[in-house]
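So the chains spell out like this:
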Amino acid sequence: MRSLPKLGFLLLALVLLGGCKTAVKAPDIPEIYRLPARYEGVDRNPVIVVPGIMGSILEQEGTGVPVWGAFSGEFVDPETPYGAALAALPMAKGVPLSDLQDDVVSTGALDRLRFDLFGLPIELSAYANIMRTLGVGGYADEDLGRAGEIDYGDRHYTCFQFHYDWRRSNVENAALLDAFIQDKAEYVRQQRRERFGETDEPVRFDIVAHSMGGLITRYYLRYGAEQLPSNGSLPEITWEGAKHVEKAILVGTPNGGSTDSIHRLVDGLDLSILAQYDPVIIGTFPSLYELMPRGRQQVLQVDGVPTEWLEPTDPSVWFRFGWGLAADGKEAELARILPNVPVDQLKEIARDHLEKCLQNAQQFHEAIDRPASPPPGTVIELFAADSEPTPSLVLVDPATYEIRQTQLRPGDRTVLRTSALMDERVGQKWVPRLRSPIQWNAVTFIFSDHLGMTRDPVFTDNILYRLLEAPRPTQRETRNGL
């Protein structure tokens, strides 16, 4: 090939460098979606937002004392006996997890986290970004409208926030989501009658679910309100929930689990100067175990023993290393959350609860990991981040049994790219195309972290397109011959 003169190389370099410096402009989202955002016909689906773990406000029923969602004023300090007892779920030997109830309830979705720092009130935005995006798309939040915080005029409400007690099993919360959807469907039918007269158009919803909220959504689509059988078997996949959902959009969902959940269960949750949650407290939450990775993904290993892969949901692993509720010397912490139980029974109750949580998690994993295609008219889509180094391996120190997260791979710092996709090639023989039990209709990758992706204009633009403009293979179109 003929060489360019030196001046030609210089000009080419200047052009390329100039191109690299060109600023990327964000789209004019309000202008792009101006018309679809204003459309309020009966064929526009209302949206339900499902937050992830720790994304709902928890309070003591009756007193209104904040258990989670505010770290100022009279918030519950988990390092005190009173606070620990409120923050933890009840434990009792031989009692099913679903029967272990307390007086803590969810009172709303946590759009902002409020706390005091050296006497100064601080707010951190949590799910407000998702609500702000939906607001641009013309989705009016029902709770805000009823409270009079925002005047939506005569528009019917098209957006609902599903809040729940995120400490409990995702299966229990899927049943609550079903009841929530039934209630909101009747509300939407009433609003439609008032605005458009009688119509036989069925009420279906679109769901936007962040993080663990996506696991609740996936279970709900497959099984509706059906609980896991008590004999350890799996429920029949009926797609009962899919009858009410046309589009499920999962955002940063750990479909294959997260090593961070093992870390929290073993070492607790340290919020620095705000609060510290002991592993005994964290260990009472069935949901945390359901967030763990699968053993077949080869994520848990004794350091220096590369041939030994451990199953995170195997109780013998937890008893062997004395993790969480199986730890020795935790009588004082257990007594805080079980103040009326004799000391000699505390450890036995804790080990029983640990076994139940692990068995429940394994059954939950099997229920959502089975390959299955949703029925026609229901689609599942994913937004995931894959630009941040994310731990993919947990190593156990053979001497101290302490753990450390290591082996960074692409993800969002909390959820691996492969976990969001539920990539079954992990830990197995690699093949060229994705192998996943989830039939994805669309996948969008964002270059951000777990919460930051919801602030990205790429997220805003694409999610509004999916909700407002993307063609849908619905029964309405089939009926019209489209």
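As a starting point, this report considers the structure included with it.

## Looking at the environment of Leu451
Here's step 1: Its place among the elements puts Leu451 in the loop between β17 (442-446) and α16 (457-468).
Here's step 2: Along the sequence, Leu451 and His210 sit 241 residues apart, while their C-alpha atoms lie 9.0 Å from each other.

## So, the sheet that holds strand β5 (residues 104-109)
Here's step 1: Reading across the sheet, the 3 strands line up as β3-β2-β5 and stay open at both edges, with antiparallel pairing between neighbours. Across the chains shown, the open sheet's two edge strands, defined by having one partner strand only, are β3 (66-68) and β5. Neighbour-to-neighbour, the strand axes of the sheet open up by a mean angle of 35°, direction not taken into account.
Here's step 2: Bridging between strand β2 (residues 56-60) and β3 involves 2 bridges; their strand directions are antiparallel. By the bridge assignment for β3, Leu58 is matched with Trp68.

## Section: the side chain of Gln297
Here's step 1: Secondary-structure assignment places Gln297 in the loop between α11 (286-290) and β13 (300-302).
Here's step 2: On the basis of relative accessibility, which here comes to 9%, the residue Gln297 falls in the buried class.
Here's step 3: Polar side-chain contacts of Gln297 include one of 3.1 Å to the backbone nitrogen of Arg294.
Here's step 4: If we skip the residues at most four places from it in the chain, Gln297 touches Gly256, Met422, Val426 and Gly427.

## A look at helix α8 (residues 212-223)
Here's step 1: The end-to-end C-alpha distance of α8, which contains 12 residues, comes to 17 Å, matching closely the 16 Å that a straight helix rising 1.5 Å per residue would cover.
Here's step 2: Following α8 by one or two positions, Gly224 adopts a phi angle in the positive range, close to 65°.

## Re the sheet that holds strand β8 (residues 159-161)
The strands that make up a sheet pair up through hydrogen bonds in the backbone, lying either parallel or antiparallel.
Here's step 1: Pairing is parallel across the open sheet formed by 6 strands, whose spatial order is β8-β1-β9-β10-β14-β17. Of all the strands in the sheet, just β8 and β17 have a single pairing partner and so form its edges. Pairwise comparison of adjacent strand axes, ignoring direction, gives a mean angle of 15° for this sheet.
Here's step 2: Note that strand β14 (residues 379-385) and β17 share 5 bridges and pair parallel. In the sheet register, Ala385 faces β17, and the bridge partner there is Ile446.
Here's step 3: Packing against the sheet, helix α5 (residues 128-136) makes contact with β1 (47-50), β8 and β9 (205-210), and its axis sits at approximately 170° to β1.

## Re the pattern of salt bridges
Here's step 1: In total, this model carries 23 salt bridges according to the counting rule given.
Here's step 2: Its salt-bridge partner being Glu424, residue Arg296 comes within 2.9 Å of it at the nearest N-O pair. Placement of Arg296 in the loop between α11 and β13 and of Glu424 in the loop between α15 (417-421) and β17 is noted, with a sequence separation of 128 residues between them.
Here's step 3: With relative accessibility at 22%, the residue Glu424 sits in the partly exposed group.
Here's step 4: One salt-bridge network, in which partners are shared between bridges, spans Arg294, Arg296, Asp369 and Glu424.

## Focus on the nonpolar core
Here's step 1: With 96 residues, the main nonpolar core has Ile48, Tyr219, Tyr289, Trp318, Trp323 and Ile337 as its most contacted residues.
Here's step 2: Not counting residues within four places of it along the chain, the set of residues in contact with Trp318 comprises Leu265, Val266, Met292, Pro312, Trp323, Ala326, Leu354 and Leu358.
Here's step 3: Core analysis: the next-biggest nonpolar cluster, separate from the first, contains 22 residues, Ile29, Val208, Ile446 and Leu464 among them.

## What about the packing of α5 against α16?
Here's step 1: It is at 10 Å that the axes of α5 and α16 come closest, and there the two elements cross at 55°. If you check the angle between α5 and α16, you find them oblique. Of the two possible hands of crossing, α5 and α16 adopt the one that is right-handed. Touching Ile130, Thr133, Leu134 and Val136 of α5 are Phe459, Thr460, Ile463, Leu464 and Leu467, all from α16.
Here's step 2: Residues belonging to the contact of α5 with α16 are distributed by class as follows: 7 nonpolar, 2 polar and no charged.

## Regarding the packing of aromatic side chains
Here's step 1: Inspection of the entire model under this criterion finds 14 aromatic pairs.
Here's step 2: Plain terms: the ring middles of Trp318 and Trp323 are 5.4 Å apart, the flat faces sit at 85° to each other, and that makes the pair edge-to-face.
Here's step 3: On the basis of relative accessible area, Trp318 is assigned to the buried category, the value being 1%.
Here's step 4: Judged by its relative accessible area of 3%, Trp323 falls in the buried class.
Here's step 5: Taken together, Tyr289, Trp318, Phe321, Trp323 and Tyr401 form an aromatic cluster joined through their ring pairs.
Here's step 6: Sitting over the ring of Tyr139, Arg44 keeps its end group 4.2 Å from the ring centre.

## Looking at the pairing of β14
Here's step 1: Counted residue by residue, β14 has 7 buried out of 7 residues, so it is predominantly covered.
Here's step 2: The two faces of β14 match: Val379, Glu381, Phe383 and Ala385 on one face and Ile380, Leu382 and Ala384 on the other face are all buried.
Here's step 3: Where strand β10 (residues 245-251) meets β14, 5 bridges bridge the pair, whose relative direction is parallel. Its bridge partner being in β14, Lys247 is matched across the sheet by Val379.

## Observations regarding helix α7 (residues 170-196)
Working note: α-helix, 3.6 residues per turn, so residues spaced by three or four point in the same direction.
Here's step 1: In a regular helix each residue adds 1.5 Å, so 27 residues correspond to 39 Å; α7 covers 37 Å between its end C-alpha atoms and thus fits that length.
Here's step 2: Regarding α7, its N-cap is Ser169, as a side-chain oxygen of that residue lies 3.1 Å from the backbone nitrogen of Val171 further along.
Here's step 3: Just beyond α7, the residue with positive phi is Gly197, at close to 85°.

Definitions and limits used
Residues numbered from 1 in each chain as written. Predicted model: local features only at pLDDT ≥ 70, side-chain atom pairs only at ≥ 80, totals over all residues. Heavy atoms only, no water. Helix = DSSP H or I, 4+ residues; strand = E, 2+ residues; numbered from the N terminus. Pairing = 2+ DSSP bridges. Axes fitted to C-alpha atoms, helices over the stretch in contact; angles between N-to-C directions. Buried < 20%, exposed > 50% of the residue type's maximum accessible area, 1.4 Å probe, protein only. Polar contact = N/O pair within 3.5 Å; in protein donor to acceptor, adjacent residues only side chain to side chain. Contact = heavy atoms within 4.5 Å. Expected span 1.5 Å × (residues − 1). Salt bridge = Lys/Arg side-chain N within 4 Å of Asp/Glu carboxyl O. Core = buried A, V, L, I, M, F, W, Y, C linked by side-chain atoms within 4.5 Å. Parallel < 35°, antiparallel > 145°, perpendicular 65-115°, else oblique. Left-handed = near helix turned anticlockwise from the far one by under 90°. Nonpolar A, V, L, I, M, F, W, Y, C, P; charged D, E, K, R; others polar. Phe/Tyr/Trp six-rings, centres within 6.5 Å; stacked < 30°, edge-to-face > 60°. Lys NZ or Arg CZ within 6 Å of the ring centre and 35° of its normal.

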